[in-house]
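# Architecture at a glance
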Amino acid sequence: DSTASSSPDPDGRIPADHQQLIDTFVATVPTRVAAGSIARVHVTFVPNQQKLAHWNNEAEPLRMWIDPPAGSRVERQLLSAPQPPAPESQEVRHLDVEIEVPKEASETLKLTAYALYYVCEDIDGACQFLRQDIPIEIAVAASE
């Protein structure tokens, strides 16, 4: 099946971005979702300007893997961001995905996700392939 994909780092072997070269922000739309309905999750990736971090576009693109909890579905588990033609860049990148909240969900739906990216530090700094775990929580409204 050509649409099937597998986790690019199932054992968590890729080093974590402990320096926070890339900051991530998660937003869900709507902010509170009814059980059994669909939420859209937007994840924003911002290179850390204090560390002069920038994307390395000569390697693989920014990718994000989502493990949905039992009973929920995502349109795609593996997402990837387009890369600009320049070898290095500092733009903000966005990934988003629709998630179907289980009918029996209550309070908060927690998803496990992580991003993999090539990022460089400073002007002539080292470029690294790093991982960042991204907690995603969707507030679920009580069903009537």
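My aim in this report is to walk through the structure given alongside it, one point at a time. Residue numbers here run from 1 along each chain, matching the order of that chain's written sequence. Reporting in this predicted model follows two pLDDT cut-offs: at least 70 for local features of residues, and 80 or more for side-chain atom pairs to be given and counted; totals over whole chains, interfaces and linings ignore these cut-offs and use all residues. With hydrogens and water set aside, each side-chain value is computed from the structure's full complement of heavy atoms.

Moving on: the pattern of salt bridges. Definition used for salt bridges: Asp or Glu carboxyl oxygen within 4 Å of a side-chain nitrogen of Lys or Arg. Going through the model one piece at a time under the given rule, you end up with 10 salt bridges. Asp 9 is the partner of Arg 131 in a salt bridge, and the nearest nitrogen-oxygen pair spans 2.8 Å. Here the residue Arg 131 occupies a position in strand 11 (residues 127-141), and Asp 9 occupies one in the segment before strand 1 (22-29), the gap between them amounting to 122 residues. One salt bridge connects Lys 110 with Glu 137, and the closest N-O pair in it is separated by 3.6 Å. On the criterion of sequence distance, the pair formed by Lys 110 in strand 10 (residues 107-120) and Glu 137 in strand 11 is long-range, its members being 27 residues apart. Categorising residues by exposure relies on relative accessible area from a 1.4 Å probe, with only protein chains included: less than 20% of the type maximum marks a residue as buried, more than 50% marks it as exposed, and the intermediate range marks it as partly exposed. Judged by relative accessible area, Lys 110 falls into the exposed class, the value being 54%. Taking the relative accessible area as the measure of exposure, Glu 137 reaches 46% and is therefore partly exposed. Each helix is a run of H or I in the DSSP string that is no shorter than four residues. Each strand is a run of E no shorter than two, and both are numbered from the N terminus.

In terms of burial, strand 5 (residues 63-67) is a largely internal element, 4 of the 5 residues being buried. Here 3 bridges tie strand 5 to strand 7 (residues 78-80), and the two strands are oriented antiparallel to one another. Bridged to Arg 63 within strand 7 is Ser 80. When DSSP finds at least two bridges between two strands, those strands are taken to pair. Sheet analysis places strand 5 next to strand 10, joined by 5 bridges and oriented antiparallel. Counted as the bridge partner of Met 64 is Ala 115 from strand 10.

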